[in-house]
Amino acid sequence: MKRLTALALAGLAWSAPGACAWAQTPAGELEACVVAAASDDDKRVLAQWMFSALALHPDLAGMSSVSDAQRDEANRSMAGVLERFLTVDCADQAALAFRAGSAEMAFHRAFLRVGQLAGESLFNDPGVAAASAGVVEHVDIQRIAGRLAP
């Protein structure tokens, strides 16, 4: 059901006039190419790279340990993915977007979307899904229902 809702919302967003106009620009074409080219392995690399960097944040540092060697490997792997997108998978689209001056925004939007897909993949793991569902045990459903009821 969640997937169906997400697909419906994505379809609505994509069908919006602004989305169609964006998709027809060099930046939109680069974004679409990166999203289409991103394999499951690329999404895993992106998730690991983000995690290795986020683990340094003061609010998260005490919850996880990523060694410098692991962080360096995550950086190296992510650099390889970025290079491949720009020089192989989406080289033509990247060149057009760079010439149009819109490559930075296109890459930002593309990796935001690939990051969302990577996050969805992480939360689809049975262990992660079960752990994240644990929050429900601490939610006062009666209180929320009482506040939302007419």
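Our subject is the structure that appears above.
Residues numbered from 1 in each chain as written. Predicted model: local features only at pLDDT ≥ 70, side-chain atom pairs only at ≥ 80, totals over all residues. Heavy atoms only, no water.

(A) A look at the overall build of the chain. A count of helical and extended segments in the chain gives nine helices and zero strands. Listing each helix as α and each strand as β along the chain from the N terminus yields α-α-α-α-α-α-α-α-α. The buried share of the chain, taken over its 150 residues, is 24%. Taking all contacts inside the chain whose residues are at least 6 apart in sequence as the whole, residues at least 24 apart take part in 70%. (Helix = DSSP H or I, 4+ residues; strand = E, 2+ residues; numbered from the N terminus. Buried < 20%, exposed > 50% of the residue type's maximum accessible area, 1.4 Å probe, protein only. Contact = heavy atoms within 4.5 Å.)

(B) Fine view of the packing of aromatic side chains. This model, assessed by the stated rule, comprises two aromatic pairs. Considering the side-chain rings of Phe85 and Phe111, the 5.8 Å spacing of their centres and the 55 degrees angle between planes classify their relative orientation as tilted. With Phe85 in helix α5 (residues 68-89) and Phe111 in helix α7 (residues 103-124), this residue pair connects regions lying 26 residues apart in the sequence. According to the relative accessible area criterion, Phe111 is buried, its value standing at 15%. Ring centres of Phe107 and Phe111 lie 5.1 Å apart, and the angle between their planes is 45 degrees; this geometry places the pair in the tilted category. (Phe/Tyr/Trp six-rings, centres within 6.5 Å; stacked < 30°, edge-to-face > 60°.)

(C) Geometry of the environment of Ala27. By the secondary structure assignment, Ala27 is in helix α3 (residues 26-37). The spatial distance from the C-alpha of Ala27 to the C-alpha of Phe98 is 8.4 Å, given a sequence separation of 71 residues.

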